[in-house]
Amino acid sequence: MPRPIEDIRQLPRIQAHVWVECPALWDAPFPTEDVSPGGFKAVLPFEPEEGVAYEVKIRLGEAAFGPCSGLVAWKHREDGQGFPQWAFGGLVMMEDEDREAMAHALEELTRKALA
């Protein structure tokens, strides 16, 4: 049984640039600002569309997770130079087994970065 959304959002986040593929957000992979086994935070130069089915794939080095359904919430902000940006969070809906594998991959990525 999948974990409740409240539990997923509480998973530890790390500051790492992993790559997200989500064609409904951007036509090329884009880096995250932070990531957890539950989702990611990123910034793009345009507003995401409402009512779109978001399909997400996350790449951590050689490991890939997804495609999975995703939920996206966003907020408009300025970049300090007058250019618009949208910061958004993506909640990735994946099976617990895949989420545990992603948690392990993130731990390995963190361990290598600290070595």
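Each value, and the rule that gives it
- Residues numbered from 1 in each chain as written.
- Predicted model: local features only at pLDDT ≥ 70, side-chain atom pairs only at ≥ 80, totals over all residues.
- Heavy atoms only, no water.
- Helix = DSSP H or I, 4+ residues; strand = E, 2+ residues; numbered from the N terminus.
- Expected span 1.5 Å × (residues − 1).
- Buried < 20%, exposed > 50% of the residue type's maximum accessible area, 1.4 Å probe, protein only.
- Arc of directions from axis to C-beta.
- Contact = heavy atoms within 4.5 Å.
- Core = buried A, V, L, I, M, F, W, Y, C linked by side-chain atoms within 4.5 Å.

Before we go on, may I ask you to explain helix H2 (residues 96–114) in this structure?
The periodicity of an α-helix, 3.6 residues per turn, causes residues three or four positions apart to be oriented the same way. An ideal rise of 1.5 Å per residue puts 27 Å on 19 residues; H2 measures up with 27 Å between its terminal C-alpha atoms. The complete set of buried residues in H2 reads Arg99, Met102, Ala105 and Leu106. Seen from one end, H2 has its buried residues packed into an arc of 120°, which puts them on one side. For H2, the exposed residues set more than 90 degrees away from the buried face come down to Glu97, Glu100, Lys112 and Leu114.

Just checking my understanding: could you explain the environment of tryptophan 19 for this structure?
Along the chain, the position of tryptophan 19 falls in strand S1 (residues 19–21). In the structure, tryptophan 19 is positioned 39 residues away from isoleucine 58 in sequence and 5.9 Å away in space, judged by C-alpha atoms. Beyond its immediate stretch of four places on either side in the chain, tryptophan 19 contacts Pro29, Phe30, Pro31, Lys57, Ile58 and Arg59.

Explain the nonpolar core here, please?
When a protein is soluble and globular, its nonpolar side chains tend to lie buried together. Ranked by size, the top nonpolar core spans 22 residues in total, and within it Leu25, Phe30, Phe40, Ile58, Leu60, Phe88 and Met102 carry the most contacts. At the level of secondary structure, the elements contributing two or more residues to this core comprise strand S4 (39–44), strand S5 (54–60), strand S6 (63–78), strand S7 (84–93) and H2. Of all the elements, S5 adds the most residues to this core, at four residues. Setting aside residues up to four positions removed in sequence, leucine 25 forms contacts with Phe30, Leu44, Phe46, Pro48, Tyr54, Val72 and Phe88.

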